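Overview (structure and organization)
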Amino acid sequence: MTTADSRIHQPYYRNGPSHRDGADVSFQDIVKIFGFRTVTIGKWVTVKEQQIAANLFFDALFDLMDILAIPTPVISLNSTLSLAFGRGGQKHSSAHYASQTRTLALAKNAGGGALAHEWFHAFDHYITPKLFVHAKPQAFAS
């Protein structure tokens, strides 16, 4: 598979309101708007891929916020959540949530829905100590 064949370079269909009106955003914009603790980008992510990914992350995060009817700080779990793109991947996985670092990570080949899926793992982890008095740090409510 060549870089041009990777999933991030493929056309996609999105059905939802415009959040950017065609403008490009950066991962710094995402940190500022949603309050993520940190964002890390893998060294094999090109500038073009980073721009595509920032736009896709932005739209997906706003869609999730709209669907759940929650304010922007909840998306970053009150600034406790970090994002990683194209870095820290796990074998046979295009996305994962690392509870030790509270990082939601997506590979360059992550498909639609991966961000929301991993966000719910992060949310599950985040609410555990709020629901269970003696919860262990790595425990999940589910």
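Computed from a predicted structure; not experimentally measured. (Residues numbered from 1 in each chain as written. Predicted model: local features only at pLDDT ≥ 70, side-chain atom pairs only at ≥ 80, totals over all residues. Heavy atoms only, no water.)

The next subject is the pairing of strand S4 (residues 103-106). Residues Thr-103 and Ala-105 line one face of S4 and the alternating positions Leu-104 and Leu-106 line the opposite face, and both faces are buried. With four bridges connecting them, strand S2 (residues 82-85) and S4 associate as parallel partners. Note on S4: the bridge partner recorded for Phe-85 is Leu-106. In the sheet, strand S3 (residues 95-98) pairs with S4 via four bridges, with the strands oriented antiparallel. Bridge pairing links Ala-95 to Leu-106 in S4. Taken together, S3 and the strand that follows it, S4, pair antiparallel across an intervening segment of four residues, in which Arg-102 is found at a positive phi of about 50°. (Buried < 20%, exposed > 50% of the residue type's maximum accessible area, 1.4 Å probe, protein only. Helix = DSSP H or I, 4+ residues; strand = E, 2+ residues; numbered from the N terminus. Pairing = 2+ DSSP bridges.)

Running from N to C, helix H2 (residues 47-68) and helix H4 (residues 114-131) cross one another at 60°; their axes reach a closest spacing of 10 Å. Judged on the interaxial angle alone, H4 and H2 are oblique. Of the two elements, H2 crosses H4, and the hand of that crossing is right-handed. On H4, the residues touching Phe-57, Ala-60, Leu-61, Leu-64 and Leu-68 of H2 are Leu-115, Ala-116, Trp-119 and Phe-120. Across the contact of H2 with H4, the residue classes tally to nine nonpolar, no polar and no charged. (Axes fitted to C-alpha atoms, helices over the stretch in contact; angles between N-to-C directions. Parallel < 35°, antiparallel > 145°, perpendicular 65-115°, else oblique. Left-handed = near helix turned anticlockwise from the far one by under 90°. Contact = heavy atoms within 4.5 Å. Nonpolar A, V, L, I, M, F, W, Y, C, P; charged D, E, K, R; others polar.)

On S2, burial covers both faces: Ser-82 and Ala-84 on one face and Leu-83 and Phe-85 on the other are all buried. Bridging between strand S1 (residues 39-41) and S2 involves three bridges; their strand directions are parallel. Looking at S2, one finds that Thr-40 is bridged to Ala-84.

This part takes up helix H1 (residues 27-34). Every buried residue belonging to H1 is among Phe-27, Ile-30 and Phe-34, and all of these are buried. Across the axial projection of H1, the buried residues extend over an arc of 50°, all falling on one side. Along H1, the residues that are exposed and aim more than 90 degrees away from the buried face are Gln-28 and Lys-32. Tucked inside the fold, the buried residues of H1 contact S1, H2, helix H3 (72-75) and S2. Immediately downstream of H1, the backbone of Gly-35 shows phi near 85°, a positive value. (Arc of directions from axis to C-beta.)

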